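Tertiary structure, described
What follows is each chain in one-letter form.
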Amino acid sequence: MILNEIEVTGGNGFYTSQINKLADDALENFEKGEKEIYLFPEWGFMSGFNYITNNHVAFSTNSSSENMKKLMNEGYDVLVVYWNDSDTKTYSDLLNDAGAETIIKYAYVGNEGRADFYKLEGSMQE
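Residues numbered from 1 in each chain as written. Predicted model: local features only at pLDDT ≥ 70, side-chain atom pairs only at ≥ 80, totals over all residues. Heavy atoms only, no water.

Turning our attention to the packing of aromatic side chains. Under the counting rule described, the total for this entry stands at 12 aromatic pairs. Taken together, a centroid distance of 6.2 Å and an interplanar angle of 45 degrees make the contact between Phe40 and Phe59 tilted. Of this pair, Phe40 sits in the loop between strand E1 (36–39) and helix H3 (46–52) while Phe59 is found in strand E2 (residues 58–60), placing the two residues 19 residues apart along the sequence. On the accessibility criterion, Phe40 (2% relative accessible area) is buried. Here the aromatic residues Tyr38, Phe40, Phe45, Phe49, Phe59, Trp83, Tyr108 and Phe117 are joined through ring pairs into a cluster of three or more. The ring centre of Tyr76 lies 4.7 Å from the NZ or CZ of Lys35, which sits over that ring. (Phe/Tyr/Trp six-rings, centres within 6.5 Å; stacked < 30°, edge-to-face > 60°. Helix = DSSP H or I, 4+ residues; strand = E, 2+ residues; numbered from the N terminus. Buried < 20%, exposed > 50% of the residue type's maximum accessible area, 1.4 Å probe, protein only. Lys NZ or Arg CZ within 6 Å of the ring centre and 35° of its normal.)

Everything listed is a geometric property; what it means functionally is a separate question.
Next up, the structure:
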């Protein structure tokens, strides 16, 4: 029964298959040589992400603006992954405070046609 529901909903309420997509995208970018670090300030992303990327893609749970600034100064694009759209302003403000010159928002849409979670990509000009 649960497996049927997971297949229909993409894991809504159990696990979202979009975490797999996030990890696949991150691994593809890593293999292209892109310098990215994923920040997971909220519970639920890190284990699946780390497993699928075989711990090849950089990640952290520290989403302070100080840490973001340090990472961007080291040349990383900083990607913050979070569950609720209502938190976009909070994470966008942290990226702005860290000096991000460009911030792009992505929504990972599940099988039911609604966003399962969001990602903000912050970077400095090259």
